[in-house]
Amino acid sequence: MTHRIHNFCAGPCTLPLSVLEEARAELTDFQGCGMSVLEISHRSARFEALHHETLALASRLIGAPDDFQALLLPGGAHQQFDMIPLNLLADDGSAAYIDSGVWADKALKEAERVGQAQAIWSGRDGGYTTLPDSLPALPADCRYLYLTSNETVNGIQYRSYPEAAAPLVIDASSDYYTRADLPWARCAIVYGGVQKNLAPAGLALVYVRRDLLTDHPRVPRFLTYAAHAAANSLYNTPPTWQIYLLHKVMQWIESKGGIIHFDRASQEKSALLYDYLDRSDYYTNTIAPAYRSRTNIVFRTRSAELDTRFWQEAEKNGLSGLKGHKIVGGLRASLYNALDIRSVHALIDYMDAFAAENP
Ligand SMILES: *Cc1c(COP(=O)(O)O)cnc(C)c1O
């Protein structure tokens, strides 16, 4: 049997074993064509069929309405930090950002280079441990309100999406396909890098409301949604390997019962770990309870030295990726779709043993 450990890495991260095994079996001969999927043209009928099916399946599973077009774009989430303001602020207007953590802050700094963008709320002074309960007024001529559904580094997540006078742009990178409650009727764009739940890194899955797919003559063509939409995401040679694996993961999600199944699983796995943390006087989590992330759970022991010992010894015990992000330190367990609840039980057992051995 394949040697597999418990992988709690924040991204790239664990993928379903069945998907990896299928990919391995097909690697040298894709669908009986005598070539690898890595070796065939993206214009071949075989690849095009897979590509279009991936887009259709992804849209169906997430429940995207017909007035949204799914796009597969290179450059991961970072390229979207730029493409969003380049397209949505192309004919002026302003944008409002909720500065909820590391990723929202990065997105805002990009938007500021492009147009009129400002934070209407910031959690920076509080160390990014909470989200706004209500929002201040939006600036004049506001084209969109930008938010990060789940702050991967800080461990904070919206339990419900805010109501606002402008359409929402949502970075869903780290809770993509783990929750069934996206407010499509209030959204302009929903997007995510795929490496947190869905596929290998380098690709973004972006849903754009179709009325926003207009050309902007002064924006470099490759950075317009219109160019990619018109070519059904085959404008350039796309990252075919990522798309191939994304297709397999989408099929895997469907086979388990769709997003509803993973929404429930995500709730169950995270509740198990939070309940343990709440009962513990050894480990702490300082995120406002109403906004605790279900996919990235941050915690600490009593000292930075002990935190380091915790993740180093965990690695030796087959529990990988528990070191907190370098910006915030501490510890972090990422509970994405492909991480089984048995891994959470194994983590809790390890936490118990570690606390007993390091009183
Ligand atoms: C990981 C992550 C990103 C960055 O993804 P890249 O693919 O590296 O650009 C952006 N936003 C969130 C919420 C993330 O978790």
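Keep in mind that this is a model prediction, so the values were computed, not measured.

Considerations on unusual backbone geometry
Following Gly11, the chain continues to Pro12 via a peptide bond in cis, the omega torsion being -10 degrees. Relative to the helices and strands, Pro12 resides in the loop between strand 1 (6-7) and helix 1 (17-26). A positive phi angle is found at Gln31, which is not glycine, with a value near 50 degrees. Mapped onto the secondary structure, Gln31 falls in the loop between helix 1 and helix 2 (45-62). The phi angle at Asn232 is positive, at roughly 50 degrees, despite the residue not being glycine. For Asn232, the position within the fold is in the loop between helix 5 (225-230) and helix 6 (240-256). Of the residues examined, Asn232 reaches a relative accessible area of 32% and is grouped as partly exposed.

What to know about empty space enclosed by the protein
Under the criterion given, the structure shown has 1 cavity of 30 Å³ or more. Counted as a void, the largest cavity has a volume near 30 Å³. For the lining of the largest cavity, the class distribution of residues is 6 nonpolar, no polar and 2 charged.

Some thoughts on the UniProt feature "modified residue: N6-(pyridoxal phosphate)lysine" (unreviewed entry) in the chain
Look at the UniProt record and you will see "modified residue: N6-(pyridoxal phosphate)lysine" (unreviewed entry) annotated at Lys196. Overall, the relative accessible area of 10% leaves Lys196 in the buried class. For Lys196, the residues in contact, after removing those within four places along its chain, are Ala10, Gly11, Cys13, Thr152, Ser173, Ser174 and Tyr336.

Describing the side chain of Gln157
Here Gln157 lies in strand 7 (residues 156-157). A distance of 2.9 Å separates the side chain of Gln157 from the side chain of Arg159, its partner in a polar contact. Polar contacts involving the side chain of Gln157 include one to the side chain of Asp175, which spans 2.8 Å. Leaving out residues up to four positions away in the same chain, Gln157 has contacts with Leu131, Ser149, Asn150, Asp175, Arg179, Tyr291, Arg292, Ser293 and Arg294.

A word on the nonpolar core
Of all hydrophobic cores here, the largest spans 60 residues; its most connected members are Tyr177, Leu198, Leu205, Tyr207 and Met250. It is helix 6 that provides the largest number of residues to this core, a total of 8 residues. Each of two domains, domain 1 (17-256) and domain 2 (258-357), supplies a minimum of three residues to this core. Apart from the residues within four sequence positions on either side, Tyr177 is in contact with Ala58, Ser59, Leu61, Ile62, Leu198, Leu205, Tyr207, Met250, Ile253, Ile259, Phe262 and Asn337.

Let's talk about the site of the ligand
The environment of the ligand is formed by 13 residues, the closest being His78, Thr152, Asp171, Gln195 and Lys196. In the model, an oxygen atom of the ligand is placed 3.1 Å from a nitrogen or oxygen of the Ala77 main chain. Computed on the free molecule, the ligand has an accessible area of 390 Å², of which 88% lies beneath the protein chains in the complex. Judged by its atoms lying within 2 Å of the grid points, the ligand is housed in the second largest pocket. Among the elements that take part in the shell around the ligand, helix 3 (residues 76-88) stands out by supplying 4 residues, more than any other.

Considerations on the layout of surface pockets
Considered as a void within the structure, the largest pocket measures approximately 590 Å³ in volume. Around the largest pocket, the lining comprises 23 residues; the ones closest to its centre are Ala338, Leu339, Asp340, Arg342 and Ser343. When residues of the lining of the largest pocket are traced back to their parent elements, those giving at least two are strand 1, helix 1, helix 6, helix 7 (259-279) and helix 9 (341-357). A total of 5 residues in the lining of the largest pocket trace back to one element, the largest contributor, which is helix 7. Within the lining of the largest pocket, the residues separate by chemical class into 10 nonpolar, 7 polar and 6 charged. Each of two domains, domain 1 (17-256) and domain 2 (258-357), supplies a minimum of three residues to the lining of the largest pocket. Of the pockets and cavities examined, the second largest pocket occupies roughly 310 Å³.

The rules behind these values
- Residues numbered from 1 in each chain as written.
- Predicted model: local features only at pLDDT ≥ 70, side-chain atom pairs only at ≥ 80, totals over all residues.
- Heavy atoms only, no water.
- Helix = DSSP H or I, 4+ residues; strand = E, 2+ residues; numbered from the N terminus.
- Buried < 20%, exposed > 50% of the residue type's maximum accessible area, 1.4 Å probe, protein only.
- 1 Å grid on protein atoms, 1.4 Å probe; cavity = no way out; pocket = protein on both sides within 12 Å on 5 of 7 lines; lining within 4 Å.
- Points joined across faces, edges and corners; volume = space filled by probe spheres on them.
- Nonpolar A, V, L, I, M, F, W, Y, C, P; charged D, E, K, R; others polar.
- UniProt positions renumbered as here; feature names shortened; annotations may be inferred.
- Contact = heavy atoms within 4.5 Å.
- Polar contact = N/O pair within 3.5 Å; in protein donor to acceptor, adjacent residues only side chain to side chain.
- Core = buried A, V, L, I, M, F, W, Y, C linked by side-chain atoms within 4.5 Å.
- Domains from an automatic or database assignment.
- Near = heavy atom within 4 Å.
- Areas by Shrake-Rupley, 256 points an atom, 1.4 Å probe, with all protein chains shown as cover.
- Sits in = over half its atoms within 2 Å of the grid points.

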